[in-house]
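# Examination of the molecular architecture
Here is how the chains run, residue by residue.
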Amino acid sequence: MKSRSAAGADASPVRRGRPRRDPPLRRGGAEEGAERKKRATHRRSGEIIEAAAQIFAERGYHGATTQDIADVLNIRQASLYYYFRSKEVALELVCMRGVEGFYETECAIAEGPGTASERLAGLIRAHIAPLLDRSNFVKVFLTQRQFLPAHSRRKVGKVSRAVEAIFEGVLKDGQRSGEFRADFDTRIATLSILSILNGCAAWYVREQASIERIGGQFIGLILGGIAAPPRKNG
């Protein structure tokens, strides 16, 4: 048995010093490795979609194979299925990238300051500008999206219809303000303008014409065709 003095010693309160702080947590090797792998996967995914856009633009959807895409990257065909499960999914990803940002950019222009003529000119330049940095994506969207399955066509079709509505809204603004002629159908005019703009994706590289020059020509032709005649004095 313990003596009273020993028991008392055991029961004595523990001295309180400064509170201990846990050392800062360091990211373990496994966590850092996972983060690096995630970044590498994201980068590789972008490269693979770029390759798919290139092949679809060059050969068309039906003329392209997943092996063609893999050959561009010097990887095994089976490796592609880590990033997309079928050629249809790859086409959808390429098409969505082809219209990425169109609506947001053109909506900002249409709702921004300026006359209807100024805003329409801005829309024309903005619509063809993506040909500078993602021409393959735009070309695939314009020429291959009809090969998408129905649910995917509906998805990308929503963006197309939204862009059409933006252009038509500016045309109606111009008719109301008297800047544009009142005798044309804004729906038909919208589809005609977009056909002209979209059509240059097929020839602008071959013609070695700059996007700036093409945009200026389009603006002159389109605005010249829809502008209201000058009012007669008296």
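A brief look at the structure comes next.

## Description of the overall build of the protein chain
- Looking only at helices and strands, one finds ten helices and zero strands in the protein chain.
- Secondary structure elements in the protein chain, listed N-terminal to C-terminal, are α-α-α-α-α-α-α-α-α-α.
- For the protein chain, buried positions account for 35% of its 234 residues.
- When the accessible surface of the protein chain is split by element, carbon and sulfur atoms take 52% of a total near 15300 Å².

## Looking at the packing of helix 5 (residues 102–110) against helix 6 (residues 116–128)
- Contact geometry for helix 5 and helix 6: axes closest at 9 Å, N-to-C directions at 165 degrees. Comparing their axes, helix 6 and helix 5 come out roughly antiparallel. The interaxial crossing formed by helix 5 with helix 6 has right-handed handedness. Contacts from F102, T105, E106, I109 and A110 of helix 5 reach helix 6 at R119, G122, L123, A126 and H127.
- Its residues placed into classes, the contact of helix 5 with helix 6 shows five nonpolar, three polar and two charged.

## Things to note about the packing of helix 6 against helix 8 (residues 150–177)
- Packing of helix 6 against helix 8 leaves a shortest axis separation of 9 Å and a crossing angle of 155 degrees. Taken together, the axes of helix 6 and helix 8 are roughly antiparallel relative to one another. Note that helix 6 runs across helix 8; the crossing there is left-handed. Of the residues in helix 8, those in contact with A116, R119, L120, L123, I124 and H127 of helix 6 are V163, I166, F167, V170, L171, D173 and G174.
- Partitioning the contact of helix 6 with helix 8 into residue classes produces nine nonpolar, two polar and two charged.

## Considerations on the nonpolar core
- Core analysis: the biggest nonpolar cluster contains 61 residues, and F56, L120 and L197 have the highest contact counts within it.
- Per-element tally for this core: the top contributor is helix 2 (residues 29–59), with eight residues.
- Apart from the residues lying within four places of it in its own chain, the contact partners of L197 are I124, H127, I128, F167, F218 and I222.

Criteria and thresholds
Residues numbered from 1 in each chain as written. Predicted model: local features only at pLDDT ≥ 70, side-chain atom pairs only at ≥ 80, totals over all residues. Heavy atoms only, no water. Helix = DSSP H or I, 4+ residues; strand = E, 2+ residues; numbered from the N terminus. Buried < 20%, exposed > 50% of the residue type's maximum accessible area, 1.4 Å probe, protein only. Areas by Shrake-Rupley, 256 points an atom, 1.4 Å probe, with all protein chains shown as cover. Axes fitted to C-alpha atoms, helices over the stretch in contact; angles between N-to-C directions. Parallel < 35°, antiparallel > 145°, perpendicular 65-115°, else oblique. Left-handed = near helix turned anticlockwise from the far one by under 90°. Contact = heavy atoms within 4.5 Å. Nonpolar A, V, L, I, M, F, W, Y, C, P; charged D, E, K, R; others polar. Core = buried A, V, L, I, M, F, W, Y, C linked by side-chain atoms within 4.5 Å.

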